[in-house]
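Okay, here's what each chain looks like letter by letter:
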Amino acid sequence: MISRIDLRGRTLSRRELLDELPRAELDVEHAAAAVAPILEQVRAHGAAALRDLSERFDGVRPVHVRVPADVVAAAVGSLDPDVRAALDETIVRVRRVHAAQVPADLTVDVAPGAQVRQRWLPVRRVGLYVPGGLAVYPSSVVMNVVAAQEAGVGSLAVVSPPQKDNGGLPDPVVLATCALLGVDEVYAVGGAQAVAMLAYGAAGSEDVDGATLCEPVDVITGPGNVYVAAAKRLVRGFVGIDSEAGPTEIAVLADGTADAVHVAADLVSQAEHDPLAAAVLVTPSVELADAVEAALVDRVDATANRDRVLTALAGTQSAIVLVDDLEAGLAVVNGYGAEHLEIQTVDAGVWADRVTSAGAIFVGPWSPVSLGDYMAGSNHVLPTGGCAHFASGLGVHSFLRAVQVVEYDRDALAQVADRVVALADAEGLPAHGEAVRARF
Ligand code: NAD
């Protein structure tokens, strides 16, 4: 059901370790080749392409590409009360964490009369991707929208795939969550075509009711499958993106004290996202590895999304990795850079403090990844595919830019005029120095 990689007794360089680690066969680079023509089709043909591509990939031709605002608002009325209560709770928790993330502007007096300030400015307009292929993700509405709102973004557009069983509209709970958060610009578009619409706009084309379609955005954020992640990679530079938040990954660093049933449950919980989801256990305990494998067999048979889970666990992206000790395990998880990393060991907090690469870390037996997916207050949009080595999860910072403001007075400039000239001459750019000299 899940393969084993035995690293015991082996000393590996970082490069060798990376080669040993489990990764999916279909990665973002390969998916990018598949989605490049989709981006071009949307750029060239606007709304007509969006409808054609929805029919091809989602099996339904949306009547409205932009969901009418009254339809978004009305969705709240049909929310199940328990789901409404859960959404209200997660919105409060996620908002509390993200409000605290807003960085303060800073002012540095470099010398008398010489000041450099740093101001944080929100981007003007953002596009927020909410998945809706194999599963639907109202929780991703919360993660995207609350972070953007707390950053101070004024213009928010949400995209989510049209659902066959909802008349070509996005999932009703997704729509209701948008309404709860005060977002009324929602499009029934998913996949790479949605990313293209957000990046390039479709403002030249009209919806059925004559409504003008999407204006381009400055930043696109949100999770998605490998095709969504690939499309974000292709438009990066044209617009900003958060990170490549692709198919889910869970790594668990565990010792013999971990509860095998809990570890197995957590691996299954993330494997059910996608056949390409990765579930990785890193442990020095063969007994735990055996017990987790046995527990997986029981759980997989009982789980609703059995086929998806089985494919994910059997894929090249999932494995049980045996290591000599927790120190070696730490090196493995740091090399892997998982989207989600659980630490289920004695002194879990001590090991967690030594982690250098992970999208989010879940410490100890009472902090499963499922908590972070919905209710912890942390953001669940996190880097995958090793991007945690250089990227962060979604947060207020994803929507902010730092602008430096420079203000020197006459004396302060005079103080360093000769230094500017010296460096300008050294670079063979004397006009730079002359621009300073001309003032005196
Ligand atoms: P999705 O909305 O991401 O993808 C559905 C879309 O994929 C469809 O609308 C379609 O346009 C496109 N698509 C499907 N097959 C295609 C193909 N062969 N070629 C081109 N486009 C194709 O919904 P999903 O499929 O349910 O995936 C959700 C993903 O989000 C999962 O992989 C899950 O693990 C991931 N996720 C990641 C994070 C994170 O932060 N990293 C968080 C939550 C979910």
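Residues numbered from 1 in each chain as written. Predicted model: local features only at pLDDT ≥ 70, side-chain atom pairs only at ≥ 80, totals over all residues. Heavy atoms only, no water.

**Here we look at helix α15 (residues 410-426)**
1) Next: Look at α15: 24 Å from first C-alpha to last across 17 residues, which is about the 24 Å you get at 1.5 Å a residue.
2) Next: Residue V416 marks the point of greatest curvature in α15, where the axis turns by about 45°.
3) Next: Every buried residue belonging to α15 is among A412, A417, V421 and A424, and all of these are buried.
4) Next: Buried residues along α15 sit in contact with β3 (114-122), β14 (400-408) and α16 (430-437).
5) Next: Downstream of α15 by one or two residues, G428 has phi in the positive range, about 70°. (Helix = DSSP H or I, 4+ residues; strand = E, 2+ residues; numbered from the N terminus. Expected span 1.5 Å × (residues − 1). Bend = angle between axes of the 7 residues up to and from the residue. Buried < 20%, exposed > 50% of the residue type's maximum accessible area, 1.4 Å probe, protein only. Contact = heavy atoms within 4.5 Å.)

**Some remarks on the sheet that holds β14**
Strand pairs in the sheet, formed through backbone hydrogen bonds, run parallel or antiparallel to each other.
1) Next: Pairing within the open sheet is antiparallel, and its 3 strands lie in the order β2-β3-β14. Edge positions in the sheet fall to β2 (106-111) and β14, since each has one partner strand and no second. For this sheet the average axis-to-axis angle between neighbouring strands, irrespective of direction, equals 20°.
2) Next: Sheet topology note: the β2/β3 ladder contains 5 bridges and is antiparallel. Bridge pairing in β3 links V108 to V116. (Pairing = 2+ DSSP bridges. Axes fitted to C-alpha atoms, helices over the stretch in contact; angles between N-to-C directions.)

**Things to note about the environment of R51**
1) Next: Mapped onto the elements of the fold, R51 is located in helix α2 (residues 28-58).
2) Next: With 138 residues separating them in the primary sequence, R51 and V189 have C-alpha atoms 8.3 Å apart.
3) Next: Setting aside its immediate chain neighbours within four residues, R51 contacts R61, P62, V63, V65, E206, D207 and V208.

**Examining the packing of aromatic side chains**
1) Next: Applying the stated criterion across every chain, the model contains 1 aromatic pair.
2) Next: Centroid distance Y200 to F238: 5.2 Å. Interplanar angle 70°. Geometry classified as edge-to-face. Here the residue Y200 occupies a position in helix α7 (residues 191-200), and F238 occupies one in the loop between α8 (226-235) and β8 (240-241), the gap between them amounting to 38 residues.
3) Next: The exposure class assigned to F238 is exposed, which follows from its relative accessible area of 51%.
4) Next: Sitting above the plane of the Y200 ring, R43 keeps its charged end 4.2 Å from the centroid.
5) Next: Taking NZ or CZ as reference, R43 lies 5.2 Å from the ring centre of F238, over its face. (Phe/Tyr/Trp six-rings, centres within 6.5 Å; stacked < 30°, edge-to-face > 60°. Lys NZ or Arg CZ within 6 Å of the ring centre and 35° of its normal.)

**Some thoughts on the environment of A196**
1) Next: Relative to the helices and strands, A196 is located in helix α7.
2) Next: Considering only alpha carbons, one finds A196 and D82, 114 residues apart in sequence, at a separation of 35 Å.
3) Next: Contact partners of A196, with chain neighbours within four places excluded, come to L39, V42 and G201.

**Let's talk about the nonpolar core**
1) Next: Among the nonpolar cores identified, the biggest contains 39 residues, and V126, V145, V153, L156, V158 and F399 are the most heavily contacted of them.
2) Next: Among the secondary structure elements, those contributing two or more residues to this core are α4 (81-101), β4 (125-129), α5 (138-151), β5 (155-159) and α6 (172-180).
3) Next: Top contributing element to this core by residue count: α5, with 8 residues.
4) Next: What V153 contacts, discounting residues up to four positions off in sequence, is P122, V123, R124, R125, V126, A148 and F399. (Core = buried A, V, L, I, M, F, W, Y, C linked by side-chain atoms within 4.5 Å.)

**Topic: the layout of surface pockets**
Rolling a probe over the atoms, with the probe sized like a water molecule, indicates the empty space that remains.
1) Next: Roughly 840 Å³ of internal volume is contained in the largest pocket.
2) Next: When residues of the lining of the largest pocket are traced back to their parent elements, those giving at least two are α2, α5, α7, α8 and α14 (369-374).
3) Next: Tallying contributions element by element places α2 first for the lining of the largest pocket, with 6 residues.
4) Next: Taken together, the residues that form the lining of the largest pocket break down as 22 nonpolar, 16 polar and 7 charged.
5) Next: Reported here for the second largest pocket is a volume of approximately 540 Å³.
6) Next: Residue lining of the second largest pocket: 28 residues in total, with R23, D27, E249, G385 and G386 positioned closest to the centre. (1 Å grid on protein atoms, 1.4 Å probe; cavity = no way out; pocket = protein on both sides within 12 Å on 5 of 7 lines; lining within 4 Å. Points joined across faces, edges and corners; volume = space filled by probe spheres on them. Nonpolar A, V, L, I, M, F, W, Y, C, P; charged D, E, K, R; others polar.)

**Overview of the confidence of the model for the chain**
It should be kept in mind that the predicted coordinates are not to be read in detail where pLDDT is low.
1) Next: Per-residue confidence for the chain gives a mean pLDDT of 97; residues scoring 70 or more make up 100%.
2) Next: On the interface metric, ipTM, the complex scores 0.99, and its pTM is 0.97. (pLDDT = per-residue confidence, 0-100.)

**A few points about the site of the ligand**
1) Next: The environment of the ligand is formed by 30 residues, the closest being D58, Y129, T248, D274 and L382.
2) Next: Y129 has a polar side-chain atom sitting 2.6 Å from an oxygen atom of the ligand.
3) Next: A distance of 3.0 Å separates an oxygen atom of the ligand from a polar backbone atom of G133.
4) Next: Coverage of the ligand by the protein amounts to 89% of the 870 Å² it exposes when considered alone.
5) Next: Most atoms of the ligand, that is more than half of them, are within 2 Å of grid points of the largest pocket.
6) Next: When residues of the shell around the ligand are assigned to their parent elements, the largest contribution, 3 residues, is made by α2.
7) Next: When grouped by side-chain class, the residues that make up the shell around the ligand number 15 nonpolar, 12 polar and 3 charged.
8) Next: Each of domain 1 (3-26 + 246-377) and domain 2 (28-241) accounts for three or more of the residues forming the shell around the ligand. (Near = heavy atom within 4 Å. Polar contact = N/O pair within 3.5 Å; in protein donor to acceptor, adjacent residues only side chain to side chain. Areas by Shrake-Rupley, 256 points an atom, 1.4 Å probe, with all protein chains shown as cover. Sits in = over half its atoms within 2 Å of the grid points. Domains from an automatic or database assignment.)

**As for the UniProt feature "binding site: Zn(2+)" (unreviewed entry) in the chain**
1) Next: Taking the UniProt record as the reference, the feature "binding site: Zn(2+)" (unreviewed entry) is found at Q270, H273, D373 and H432. Their sequence span is 163 residues, while the largest C-alpha to C-alpha distance among them is 56.4 Å; these annotated residues do not converge on one region. In the annotated group above, the largest pocket draws its lining from Q270, H273 and D373.
2) Next: One can find Q270 in helix α9 (residues 260-271).
3) Next: The residues contacting Q270, other than those within four sequence positions of it, are T248, I250, A277, H340, V369, S370 and D373.
4) Next: Tracing the backbone through its elements, the reader meets D373 in helix α14.
5) Next: Note on D373: relative accessible area 9%, which makes it buried.
6) Next: Setting aside residues no more than four positions away along its own chain, D373 makes contact with S139, M143, Q270, H273, H340 and H380. (UniProt positions renumbered as here; feature names shortened; annotations may be inferred.)

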